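Descriptive analysis of the structure
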Amino acid sequence: MKKKILLFAAVALSINCQSQELVNMHGKPELYLDQQGKAFLKNIDEAFDLYPPTTEFSFQRKQALLLFDAVAHNTFYDKTSHLKDFATMRAGKVLVDLGKPFENGVRLYKIYNDGFIIRTKGLTFAVDLNSRAGTIVSEEVMSQLVNHCAGLFITHNHSDHYDLKVVDMFKSQGKPVYAIDEFRPDDPDIIHCYPPVPGKSRDLDAALGGTSMKVRIFPGHQGDLQDNNYVFYLPEGYTVAHIGDQFLDNDMEWIDHVHEEVDIDVLIMECWINQEPRAIAGYGPKLIVSGHENEMGHTIDHREAFWLTYLKMEEVYKVQTPHVIMGWGEWFTYRK
(Lines give C-alpha, C1' and ligand atoms only; values in the text may rest on other atoms or scores of the structure.)
Protein backbone atom coordinates (compact mmCIF):
# COMPACT_ATOMS: atom_id res chain seq x y z
CA MET A 1 0.00 0.00 0.00
CA LYS A 2 2.84 2.40 0.84
CA LYS A 3 4.45 1.72 -2.55
CA LYS A 4 1.13 2.36 -4.27
CA ILE A 5 0.64 5.68 -2.48
CA LEU A 6 4.19 6.82 -3.25
CA LEU A 7 3.76 5.95 -6.93
CA PHE A 8 0.44 7.79 -7.07
CA ALA A 9 2.00 10.85 -5.41
CA ALA A 10 4.98 10.86 -7.78
CA VAL A 11 2.79 10.68 -10.87
CA ALA A 12 0.44 13.35 -9.54
CA LEU A 13 3.44 15.59 -8.89
CA SER A 14 4.69 15.15 -12.45
CA ILE A 15 1.27 16.22 -13.78
CA ASN A 16 0.49 19.04 -11.38
CA CYS A 17 3.88 20.55 -10.72
CA GLN A 18 4.16 23.98 -12.31
CA SER A 19 7.17 26.23 -12.29
CA GLN A 20 7.03 28.79 -9.51
CA GLU A 21 8.74 31.31 -11.79
CA LEU A 22 7.61 32.60 -15.14
CA VAL A 23 9.72 31.27 -17.97
CA ASN A 24 10.32 33.25 -21.14
CA MET A 25 8.79 31.03 -23.82
CA HIS A 26 9.05 33.49 -26.71
CA GLY A 27 10.55 31.69 -29.67
CA LYS A 28 10.20 28.35 -27.87
CA PRO A 29 6.91 26.87 -29.12
CA GLU A 30 7.64 23.36 -27.82
CA LEU A 31 8.32 24.69 -24.33
CA TYR A 32 5.11 26.70 -24.57
CA LEU A 33 3.07 23.63 -25.56
CA ASP A 34 4.75 21.60 -22.81
CA GLN A 35 3.69 24.09 -20.15
CA GLN A 36 0.25 24.56 -21.67
CA GLY A 37 -0.38 20.80 -21.63
CA LYS A 38 0.56 20.58 -17.97
CA ALA A 39 -1.72 23.52 -17.11
CA PHE A 40 -4.65 22.08 -19.07
CA LEU A 41 -4.31 18.58 -17.59
CA LYS A 42 -4.01 19.97 -14.07
CA ASN A 43 -7.31 21.82 -14.50
CA ILE A 44 -8.96 18.80 -16.15
CA ASP A 45 -7.99 16.58 -13.23
CA GLU A 46 -9.35 19.11 -10.73
CA ALA A 47 -12.59 19.46 -12.70
CA PHE A 48 -13.06 15.68 -12.87
CA ASP A 49 -12.82 15.57 -9.07
CA LEU A 50 -15.01 18.61 -8.46
CA TYR A 51 -17.71 17.70 -10.99
CA PRO A 52 -17.95 13.88 -11.10
CA PRO A 53 -19.90 11.98 -13.79
CA THR A 54 -23.63 12.52 -13.76
CA THR A 55 -26.69 11.88 -15.90
CA GLU A 56 -27.59 15.56 -15.50
CA PHE A 57 -26.08 18.11 -17.85
CA SER A 58 -23.05 19.82 -16.34
CA PHE A 59 -21.48 22.70 -18.18
CA GLN A 60 -18.34 22.38 -16.03
CA ARG A 61 -17.92 18.72 -16.96
CA LYS A 62 -18.52 19.42 -20.62
CA GLN A 63 -15.88 22.14 -20.63
CA ALA A 64 -13.38 19.87 -18.87
CA LEU A 65 -13.93 17.05 -21.38
CA LEU A 66 -13.66 19.42 -24.34
CA LEU A 67 -10.44 20.81 -22.88
CA PHE A 68 -9.17 17.23 -22.70
CA ASP A 69 -9.93 16.94 -26.44
CA ALA A 70 -7.66 19.93 -27.01
CA VAL A 71 -4.74 18.04 -25.49
CA ALA A 72 -5.48 14.57 -26.86
CA HIS A 73 -5.96 15.90 -30.40
CA ASN A 74 -2.74 17.90 -30.45
CA THR A 75 -0.13 15.57 -31.94
CA PHE A 76 2.62 17.43 -30.07
CA TYR A 77 1.67 15.45 -26.97
CA ASP A 78 2.07 12.14 -28.82
CA LYS A 79 5.82 12.48 -28.29
CA THR A 80 5.64 13.50 -24.63
CA SER A 81 4.65 11.72 -21.41
CA HIS A 82 1.86 14.17 -20.59
CA LEU A 83 -1.05 11.86 -21.43
CA LYS A 84 0.59 8.78 -19.93
CA ASP A 85 1.27 10.69 -16.72
CA PHE A 86 -2.33 11.89 -16.64
CA ALA A 87 -3.82 8.45 -17.37
CA THR A 88 -1.58 6.78 -14.79
CA MET A 89 -2.43 9.37 -12.18
CA ARG A 90 -6.17 9.00 -12.83
CA ALA A 91 -5.85 5.19 -12.73
CA GLY A 92 -4.17 5.67 -9.36
CA LYS A 93 -7.36 7.35 -8.15
CA VAL A 94 -9.33 4.34 -9.37
CA LEU A 95 -6.99 2.13 -7.34
CA VAL A 96 -7.67 4.15 -4.23
CA ASP A 97 -11.43 3.78 -4.74
CA LEU A 98 -11.14 0.05 -5.45
CA GLY A 99 -9.49 -0.27 -2.06
CA LYS A 100 -12.54 1.16 -0.30
CA PRO A 101 -15.65 -0.83 0.70
CA PHE A 102 -18.53 -0.80 -1.77
CA GLU A 103 -21.95 -1.96 -0.66
CA ASN A 104 -24.75 -1.09 -3.06
CA GLY A 105 -25.25 -0.88 -6.83
CA VAL A 106 -22.85 -1.36 -9.71
CA ARG A 107 -19.84 0.91 -10.19
CA LEU A 108 -18.33 1.39 -13.62
CA TYR A 109 -14.75 2.61 -13.89
CA LYS A 110 -13.57 3.92 -17.24
CA ILE A 111 -9.82 3.37 -17.48
CA TYR A 112 -8.89 4.17 -21.08
CA ASN A 113 -10.69 4.06 -24.43
CA ASP A 114 -13.28 1.25 -24.12
CA GLY A 115 -11.61 -0.45 -21.16
CA PHE A 116 -13.85 -0.68 -18.11
CA ILE A 117 -13.79 -2.27 -14.67
CA ILE A 118 -17.22 -3.36 -13.44
CA ARG A 119 -17.73 -3.69 -9.70
CA THR A 120 -20.45 -4.80 -7.31
CA LYS A 121 -20.24 -5.62 -3.62
CA GLY A 122 -19.11 -9.18 -4.30
CA LEU A 123 -17.48 -9.12 -7.73
CA THR A 124 -15.02 -7.04 -9.75
CA PHE A 125 -13.92 -7.82 -13.31
CA ALA A 126 -12.65 -6.06 -16.42
CA VAL A 127 -13.69 -5.71 -20.05
CA ASP A 128 -11.28 -4.66 -22.82
CA LEU A 129 -8.76 -3.41 -20.24
CA ASN A 130 -5.93 -1.82 -22.17
CA SER A 131 -2.85 0.26 -21.47
CA ARG A 132 -1.44 0.18 -25.00
CA ALA A 133 1.43 -1.98 -23.71
CA GLY A 134 2.25 0.49 -20.96
CA THR A 135 2.31 3.58 -23.16
CA ILE A 136 -0.92 5.00 -21.71
CA VAL A 137 -1.19 3.54 -18.19
CA SER A 138 2.04 2.39 -16.57
CA GLU A 139 2.49 -1.36 -16.28
CA GLU A 140 2.93 -1.09 -12.51
CA VAL A 141 -0.42 0.63 -12.02
CA MET A 142 -2.10 -1.67 -14.53
CA SER A 143 -0.86 -4.74 -12.65
CA GLN A 144 -2.42 -3.32 -9.48
CA LEU A 145 -5.73 -2.85 -11.29
CA VAL A 146 -5.54 -6.48 -12.42
CA ASN A 147 -5.01 -7.51 -8.79
CA HIS A 148 -8.51 -6.23 -8.02
CA CYS A 149 -10.19 -8.04 -10.92
CA ALA A 150 -11.42 -11.65 -10.90
CA GLY A 151 -11.28 -12.01 -14.69
CA LEU A 152 -11.08 -10.32 -18.07
CA PHE A 153 -13.47 -10.26 -21.05
CA ILE A 154 -12.30 -9.26 -24.55
CA THR A 155 -14.91 -8.18 -27.07
CA HIS A 156 -12.93 -8.41 -30.32
CA ASN A 157 -9.54 -8.81 -31.90
CA HIS A 158 -8.39 -5.19 -32.17
CA SER A 159 -5.34 -4.05 -30.23
CA ASP A 160 -7.18 -1.14 -28.62
CA HIS A 161 -9.46 -3.70 -26.93
CA TYR A 162 -6.85 -6.20 -25.85
CA ASP A 163 -3.37 -5.73 -24.48
CA LEU A 164 -1.14 -8.81 -24.50
CA LYS A 165 0.71 -7.60 -21.42
CA VAL A 166 -2.56 -7.20 -19.55
CA VAL A 167 -3.78 -10.60 -20.77
CA ASP A 168 -0.60 -12.21 -19.48
CA MET A 169 -1.05 -10.45 -16.13
CA PHE A 170 -4.42 -12.16 -15.73
CA LYS A 171 -3.06 -15.51 -16.87
CA SER A 172 -0.06 -15.33 -14.52
CA GLN A 173 -2.49 -14.91 -11.60
CA GLY A 174 -4.58 -17.85 -12.75
CA LYS A 175 -7.53 -15.60 -13.60
CA PRO A 176 -9.77 -16.46 -16.57
CA VAL A 177 -9.70 -14.57 -19.87
CA TYR A 178 -12.85 -14.88 -22.01
CA ALA A 179 -12.64 -13.83 -25.65
CA ILE A 180 -13.89 -14.23 -29.18
CA ASP A 181 -12.69 -17.25 -31.13
CA GLU A 182 -10.39 -15.10 -33.27
CA PHE A 183 -8.23 -14.01 -30.34
CA ARG A 184 -5.19 -16.27 -29.82
CA PRO A 185 -7.12 -19.27 -31.17
CA ASP A 186 -4.35 -21.74 -30.30
CA ASP A 187 -3.94 -20.55 -26.70
CA PRO A 188 -5.48 -23.20 -24.40
CA ASP A 189 -5.61 -20.71 -21.53
CA ILE A 190 -8.08 -18.45 -23.34
CA ILE A 191 -11.76 -19.36 -22.94
CA HIS A 192 -13.16 -18.83 -26.43
CA CYS A 193 -16.88 -18.13 -26.35
CA TYR A 194 -18.15 -16.60 -29.58
CA PRO A 195 -21.69 -17.91 -30.22
CA PRO A 196 -21.67 -20.67 -32.84
CA VAL A 197 -24.99 -19.84 -34.52
CA PRO A 198 -25.24 -16.56 -36.51
CA GLY A 199 -27.66 -14.12 -34.93
CA LYS A 200 -28.35 -16.41 -31.95
CA SER A 201 -27.13 -15.74 -28.43
CA ARG A 202 -25.48 -18.28 -26.15
CA ASP A 203 -25.27 -18.46 -22.37
CA LEU A 204 -22.09 -18.96 -20.41
CA ASP A 205 -21.46 -19.52 -16.72
CA ALA A 206 -18.27 -17.54 -16.10
CA ALA A 207 -16.18 -18.73 -13.15
CA LEU A 208 -14.67 -15.64 -11.55
CA GLY A 209 -12.80 -16.63 -8.43
CA GLY A 210 -15.37 -18.07 -6.07
CA THR A 211 -18.28 -16.53 -7.96
CA SER A 212 -20.23 -17.87 -10.93
CA MET A 213 -21.78 -15.23 -13.19
CA LYS A 214 -24.19 -15.86 -16.03
CA VAL A 215 -23.23 -14.13 -19.26
CA ARG A 216 -25.40 -13.95 -22.35
CA ILE A 217 -23.36 -13.37 -25.51
CA PHE A 218 -24.66 -12.10 -28.83
CA PRO A 219 -22.59 -12.82 -31.98
CA GLY A 220 -21.80 -9.31 -33.16
CA HIS A 221 -19.27 -7.92 -35.58
CA GLN A 222 -17.08 -4.95 -36.33
CA GLY A 223 -16.96 -5.30 -40.07
CA ASP A 224 -15.58 -8.78 -40.76
CA LEU A 225 -14.33 -9.28 -37.19
CA GLN A 226 -16.19 -11.20 -34.51
CA ASP A 227 -17.39 -8.91 -31.73
CA ASN A 228 -18.91 -10.43 -28.59
CA ASN A 229 -21.83 -8.43 -27.26
CA TYR A 230 -21.64 -9.40 -23.59
CA VAL A 231 -24.58 -9.07 -21.20
CA PHE A 232 -23.39 -9.69 -17.65
CA TYR A 233 -25.90 -10.88 -15.06
CA LEU A 234 -24.24 -9.56 -11.93
CA PRO A 235 -24.79 -11.46 -8.66
CA GLU A 236 -26.58 -8.47 -7.10
CA GLY A 237 -29.29 -8.48 -9.76
CA TYR A 238 -27.93 -5.89 -12.20
CA THR A 239 -27.38 -6.44 -15.92
CA VAL A 240 -24.54 -4.63 -17.69
CA ALA A 241 -23.81 -4.95 -21.40
CA HIS A 242 -20.49 -4.17 -23.07
CA ILE A 243 -20.71 -4.46 -26.84
CA GLY A 244 -17.16 -3.54 -27.87
CA ASP A 245 -17.11 -1.95 -31.31
CA GLN A 246 -20.35 -3.41 -32.62
CA PHE A 247 -20.77 -2.04 -36.15
CA LEU A 248 -22.36 -4.00 -39.00
CA ASP A 249 -25.55 -3.22 -40.88
CA ASN A 250 -26.35 -6.91 -41.30
CA ASP A 251 -26.51 -7.32 -37.50
CA MET A 252 -29.14 -4.65 -37.02
CA GLU A 253 -32.01 -7.08 -37.59
CA TRP A 254 -31.19 -9.10 -34.47
CA ILE A 255 -30.10 -6.00 -32.52
CA ASP A 256 -33.66 -4.69 -33.00
CA HIS A 257 -34.88 -7.52 -30.75
CA VAL A 258 -32.19 -7.68 -28.04
CA HIS A 259 -34.42 -5.85 -25.55
CA GLU A 260 -37.04 -8.59 -25.98
CA GLU A 261 -34.52 -11.22 -24.88
CA VAL A 262 -32.62 -9.39 -22.12
CA ASP A 263 -33.40 -6.53 -19.76
CA ILE A 264 -30.31 -4.31 -19.76
CA ASP A 265 -29.70 -1.87 -16.93
CA VAL A 266 -26.48 -0.34 -18.29
CA LEU A 267 -25.18 -0.37 -21.87
CA ILE A 268 -21.50 0.47 -22.39
CA MET A 269 -21.60 1.68 -25.97
CA GLU A 270 -18.90 3.03 -28.26
CA CYS A 271 -19.50 6.69 -29.04
CA TRP A 272 -19.63 6.07 -32.81
CA ILE A 273 -22.06 3.13 -32.77
CA ASN A 274 -23.79 2.22 -36.02
CA GLN A 275 -27.31 3.66 -36.48
CA GLU A 276 -27.31 5.08 -32.97
CA PRO A 277 -31.04 5.72 -32.36
CA ARG A 278 -31.99 2.32 -33.78
CA ALA A 279 -29.26 0.54 -31.83
CA ILE A 280 -30.28 2.20 -28.54
CA ALA A 281 -33.89 1.19 -29.12
CA GLY A 282 -32.79 -2.36 -29.90
CA TYR A 283 -30.71 -2.82 -26.78
CA GLY A 284 -33.22 -0.87 -24.67
CA PRO A 285 -30.96 0.10 -21.74
CA LYS A 286 -31.95 2.13 -18.73
CA LEU A 287 -28.58 3.93 -18.81
CA ILE A 288 -25.95 4.47 -21.50
CA VAL A 289 -22.24 4.86 -20.71
CA SER A 290 -20.22 6.07 -23.68
CA GLY A 291 -16.79 4.70 -24.50
CA HIS A 292 -14.01 4.95 -27.06
CA GLU A 293 -13.39 8.70 -26.97
CA ASN A 294 -9.77 9.70 -27.52
CA GLU A 295 -8.23 6.46 -28.68
CA MET A 296 -4.61 7.43 -29.17
CA GLY A 297 -2.52 6.22 -32.08
CA HIS A 298 -4.91 7.37 -34.81
CA THR A 299 -4.84 10.55 -36.84
CA ILE A 300 -6.78 13.23 -34.99
CA ASP A 301 -9.86 12.89 -37.20
CA HIS A 302 -10.22 9.28 -36.05
CA ARG A 303 -9.47 9.63 -32.33
CA GLU A 304 -13.13 10.42 -31.54
CA ALA A 305 -13.76 13.53 -29.47
CA PHE A 306 -15.90 14.26 -26.45
CA TRP A 307 -17.26 17.33 -28.21
CA LEU A 308 -18.53 15.02 -30.94
CA THR A 309 -20.15 12.67 -28.41
CA TYR A 310 -21.95 15.64 -26.87
CA LEU A 311 -23.02 16.86 -30.31
CA LYS A 312 -24.49 13.51 -31.29
CA MET A 313 -26.15 12.81 -27.94
CA GLU A 314 -27.59 16.27 -27.36
CA GLU A 315 -28.17 17.91 -30.72
CA VAL A 316 -28.16 15.37 -33.54
CA TYR A 317 -29.90 12.33 -32.02
CA LYS A 318 -31.39 14.04 -28.94
CA VAL A 319 -30.95 10.86 -26.91
CA GLN A 320 -33.64 10.57 -24.24
CA THR A 321 -32.13 7.58 -22.43
CA PRO A 322 -30.10 8.75 -19.40
CA HIS A 323 -26.45 8.75 -20.35
CA VAL A 324 -23.07 9.36 -18.77
CA ILE A 325 -19.96 10.66 -20.56
CA MET A 326 -16.75 9.88 -18.68
CA GLY A 327 -13.08 10.71 -19.06
CA TRP A 328 -10.11 8.52 -18.23
CA GLY A 329 -9.99 7.36 -14.63
CA GLU A 330 -13.55 8.34 -13.74
CA TRP A 331 -16.40 6.24 -12.41
CA PHE A 332 -20.15 6.24 -12.03
CA THR A 333 -22.42 4.24 -9.71
CA TYR A 334 -25.75 2.99 -10.99
CA ARG A 335 -28.45 2.00 -8.51
CA LYS A 336 -32.01 0.88 -9.09
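How each quantity is defined
Residues numbered from 1 in each chain as written. Predicted model: local features only at pLDDT ≥ 70, side-chain atom pairs only at ≥ 80, totals over all residues. Heavy atoms only, no water. Axes fitted to C-alpha atoms, helices over the stretch in contact; angles between N-to-C directions. Helix = DSSP H or I, 4+ residues; strand = E, 2+ residues; numbered from the N terminus. Parallel < 35°, antiparallel > 145°, perpendicular 65-115°, else oblique. Left-handed = near helix turned anticlockwise from the far one by under 90°. Contact = heavy atoms within 4.5 Å. Nonpolar A, V, L, I, M, F, W, Y, C, P; charged D, E, K, R; others polar. Core = buried A, V, L, I, M, F, W, Y, C linked by side-chain atoms within 4.5 Å. Buried < 20%, exposed > 50% of the residue type's maximum accessible area, 1.4 Å probe, protein only. Phe/Tyr/Trp six-rings, centres within 6.5 Å; stacked < 30°, edge-to-face > 60°. Lys NZ or Arg CZ within 6 Å of the ring centre and 35° of its normal.

Running from amino to carboxyl end, helix α2 (residues 29–50) crosses helix α4 (residues 82–98) at an angle of 20 degrees, the nearest separation of the two axes being 10 Å. Classed by the angle they form, the pair α2 and α4 counts as roughly parallel. Seen along the crossing, α2 lies across α4 with a hand that is right-handed. In this structure, α2 uses Asp34, Gly37, Lys38, Leu41, Ile44, Asp45, Phe48 and Asp49 to contact α4, whose residues at the interface are His82, Phe86, Met89, Arg90 and Lys93. Class assignment for the residues of the contact of α2 with α4 results in 5 nonpolar, 2 polar and 6 charged.

On to the nonpolar core. In terms of nonpolar packing, the biggest core is built from 50 residues, with Phe68, Ile117, Leu129, Leu145, Ile154, Phe170 and Trp328 touching the most fellow members. For this core, the leading source of residues is α4, giving 8 residues. Apart from the residues lying within four places of it in its own chain, the contact partners of Phe170 are Ala126, Leu129, Val146, Cys149, Gly151, Leu152, Lys175 and Val177. If you look at the next biggest cluster of nonpolar residues, it comprises 30 residues, including Met213, Ile217, Phe332 and Tyr334.

The subject of this paragraph is the packing of aromatic side chains. Here the structure, examined in full by the defined rule, presents 17 aromatic pairs. For the pair Phe218 and Trp254, a centre-to-centre distance of 5.7 Å together with 5 degrees between the ring planes defines the contact as stacked. Taken as a pair, Phe218 in strand β8 (residues 211–222) and Trp254 in helix α7 (residues 252–255) lie far apart in primary sequence, 36 residues in all. Judged by its relative accessible area of 3%, Phe218 falls in the buried class. Members of the aromatic cluster, each reached through a chain of ring pairs, are Phe48, Phe68, Phe86, Tyr112, Phe306 and Trp328. Lying over the aromatic face of Tyr233, Lys214 brings its terminal NZ or CZ to 4.6 Å of the ring centre.

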